[in-house]
Amino acid sequence: MLLFIYTVLITLAIKHGFERHLDELLTEPPPVNVPLAMEYVLIGEVVAIVGCSLSKTSFAFTLLRIVVEKWQKVLLWFIIVSMNIVMELCAVIFIVKCHPVAKNWDTTLPGKCWPIETATSYAIFAGGESPGT
């Protein structure tokens, strides 16, 4: 269900100009609305992150029903809790990285944002990838 919601949001973003070349955006008549497109993308990213963590949690619950050793159950619970904390914090960082929040999708608004490396580095950490792989 969350993947469907993500797909709808990204489709709406594309409809409003996301992933188009700048030359094309400048010559397009309305309804090209880049800030609205970026808002859809941001919401879509958050939905995708939550969906990933829920699918991993679901699989871990399946494993909890299979394992019999106490240490395996403790390890799975540690993985469930820590992974959800890391992933949900990633979603929160995508939302609060700019103040006001609307500056995330409308860069013309006054306000401040964290350096792009902050959110990117945390997302790489949360995803389990190292730069250069």
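Residues numbered from 1 in each chain as written. Predicted model: local features only at pLDDT ≥ 70, side-chain atom pairs only at ≥ 80, totals over all residues. Heavy atoms only, no water.

Colleague: Residues and numbers for the layout of surface pockets, please.
Modeller: What the largest pocket holds in volume is close to 240 Å³. Around the largest pocket, the lining comprises 16 residues; the ones closest to its centre are Met-38, Leu-42, Lys-97, Asn-104 and Ile-116. Listed by contribution, the elements that provide at least two residues to the lining of the largest pocket are α3 (34-66) and α5 (116-127). Top contributing element to the lining of the largest pocket by residue count: α3, with four residues. Here the residues of the lining of the largest pocket are counted per class, giving ten nonpolar, three polar and three charged. (1 Å grid on protein atoms, 1.4 Å probe; cavity = no way out; pocket = protein on both sides within 12 Å on 5 of 7 lines; lining within 4 Å. Points joined across faces, edges and corners; volume = space filled by probe spheres on them. Helix = DSSP H or I, 4+ residues; strand = E, 2+ residues; numbered from the N terminus. Nonpolar A, V, L, I, M, F, W, Y, C, P; charged D, E, K, R; others polar.)

Colleague: Describe the environment of Phe-94, listing the residues and the values that go with them.
Modeller: As for its position among the elements, Phe-94 is in helix α4 (residues 70-96). Along the primary structure Phe-94 and Ala-119 are separated by 25 residues, whereas in three dimensions their C-alpha atoms are 6.6 Å apart. Setting aside chain neighbours within four positions, we find Phe-94 in contact with Leu-42, Glu-45, Ile-49, Asn-104 and Ala-123. (Contact = heavy atoms within 4.5 Å.)

Colleague: Report on the state of the cysteines, specifying residues and quantitative values.
Modeller: Inspection of every chain in the model, using the stated rule, returns one disulfide. One disulfide bridge connects Cys-98 with Cys-113, the sulfur atoms lying 1.9 Å from each other. Sign of the S-S torsion, about 110 degrees for the bond between Cys-98 and Cys-113, identifies this disulfide as right-handed. Here Cys-113 lies in strand β2 (residues 112-113) and Cys-98 lies in strand β1 (residues 98-99), a separation of 15 residues in the sequence. Owing to a relative accessible area of 36%, Cys-113 belongs among the partly exposed residues under this scheme. (Disulfide = S-S within 2.5 Å. Buried < 20%, exposed > 50% of the residue type's maximum accessible area, 1.4 Å probe, protein only.)

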